[in-house]
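Coordinate inspection notes
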Amino acid sequence: MTELQEREKIGRIVRAALTVFSRRGFHRATMQDIAEEAGVGKGTTYLYFSGKDQLLEHILETALHHYLAHVKQAAQLAVGGPEKIRTLVLRVLEFAQARQDLALFLLEGSTGMSEEFKRKLVSFRDQVHIAVRSIVAAGVEAGEIRPAPPDMLAHFVIGTLNSLVAALLWSPESLAGDGLPAPERTALLAEQVMEAMALAAHPAAPGPGKEAASQA
């Protein structure tokens, strides 16, 4: 079997696990269920995964890597802070719509994880926070983002984004643009998020003396 064929088989098993976990729930699902869904023998699933716990962790880790990659890519863009945040929101929403199965497990898949993986999850979340904090801290320092503690702003941005992804997956009708093609809808939602968060710094309004001087 070639490396490509092996990757395709692993991908088929992972997609089958996502389907079975969603349909039956993690605790009720069995490796036999997953093998039947994937169209492979039960023994084949054990060639690649020791059990459904490892499968779940593989799925979650894949989703987390995607999420973290989008955050880091946005942080490295040669644009201002608000535009980096807009790009981050847009890319995460695009990922959530394109890979709803992975995004749902990122939101829901906490049961069945080992203590080791829970520690890894905390590490991933810390990395996301550090990356977003670097964006807002640089934006505040450059005067592009309104002054506020960078740690609190990072929590605010991440929390807003996670809540929006949850709404997009669980109750899409509650968001604007329902019925629009995915690219147009994500662009609309990203703009609305930026308006709602109102992070961009605004020039200080001139005092009475300055205003009078400008009119002289």
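Everything below is about the structure shown above.
Residues numbered from 1 in each chain as written. Predicted model: local features only at pLDDT ≥ 70, side-chain atom pairs only at ≥ 80, totals over all residues. Heavy atoms only, no water.

Considering the packing of aromatic side chains
By the definition in use, this model includes one aromatic pair. With centroids separated by 5.2 Å and ring planes inclined at 65°, the aromatic side chains of F21 and F26 adopt a geometry described as edge-to-face. Overall, F21 belongs to the buried group, its relative accessible area being 4%. By relative accessible area, which is 10% here, F26 ends up buried. (Phe/Tyr/Trp six-rings, centres within 6.5 Å; stacked < 30°, edge-to-face > 60°. Buried < 20%, exposed > 50% of the residue type's maximum accessible area, 1.4 Å probe, protein only.)

Notes on unusual backbone geometry
In the Ramachandran plot, A198 falls in the positive-phi region, its phi being about 45° despite a non-glycine side chain. Among the secondary structure elements, A198 is positioned in the loop between helix 9 (182-197) and helix 10 (208-215). (Helix = DSSP H or I, 4+ residues; strand = E, 2+ residues; numbered from the N terminus.)

A word on the nonpolar core
In terms of nonpolar packing, the biggest core is built from 61 residues, with F21, I34, L55, I59, I85 and V132 touching the most fellow members. Listed by contribution, the elements that provide at least two residues to this core are helix 1 (3-24), helix 2 (31-38), helix 4 (52-75), helix 5 (81-98), helix 6 (100-108), helix 7 (115-141), helix 8 (150-170) and helix 9. Once residues within four sequence positions are removed from consideration, I85 is found in contact with I135, V136, I145, V157, M194, M197 and L199. (Core = buried A, V, L, I, M, F, W, Y, C linked by side-chain atoms within 4.5 Å. Contact = heavy atoms within 4.5 Å.)

Points about the environment of A29
Along the chain, A29 turns up in the loop between helix 1 and helix 2. The sequence separation of A29 and K118 amounts to 89 residues, and the corresponding C-alpha distance is 21 Å.

Let's talk about the environment of L77
Looking at the element boundaries, L77 is found in the loop between helix 4 and helix 5. Taking the relative accessible area as the measure of exposure, L77 reaches 27% and is therefore partly exposed. Along the primary structure L77 and T87 are separated by ten residues, whereas in three dimensions their C-alpha atoms are 9.1 Å apart. Beyond its immediate stretch of four places on either side in the chain, L77 contacts K84, T87 and R91.

Re the environment of A138
Tracing the chain through its elements places A138 in helix 7. The spatial distance from the C-alpha of A138 to the C-alpha of P150 is 9.0 Å, given a sequence separation of twelve residues.

Section: helix 9
Over its 16 residues, helix 9 runs 22 Å from end to end, which matches the ideal 22 Å to within 8%, given 1.5 Å per residue. Regarding helix 9, the residues found buried are R185, T186, L189, A190, V193, M194 and M197. Close packing links the buried residues of helix 9 with helix 5 and helix 8. (Expected span 1.5 Å × (residues − 1).)

Considerations on the packing of helix 7 against helix 8
Look at helix 7 against helix 8: their axes get within 8 Å of each other, and the N-to-C directions meet at 120°. The angle between the axes of helix 7 and helix 8 places the two elements in the oblique class. Of the two elements, helix 7 crosses helix 8, and the hand of that crossing is right-handed. Between helix 7 and helix 8, the residues in contact are V128, H129, V132, R133, V136, A137 and V140 and P150, D151, L153, A154, H155, V157 and I158, respectively. Taken together, the residues of the contact of helix 7 with helix 8 break down into ten nonpolar, two polar and two charged. (Axes fitted to C-alpha atoms, helices over the stretch in contact; angles between N-to-C directions. Parallel < 35°, antiparallel > 145°, perpendicular 65-115°, else oblique. Left-handed = near helix turned anticlockwise from the far one by under 90°. Nonpolar A, V, L, I, M, F, W, Y, C, P; charged D, E, K, R; others polar.)

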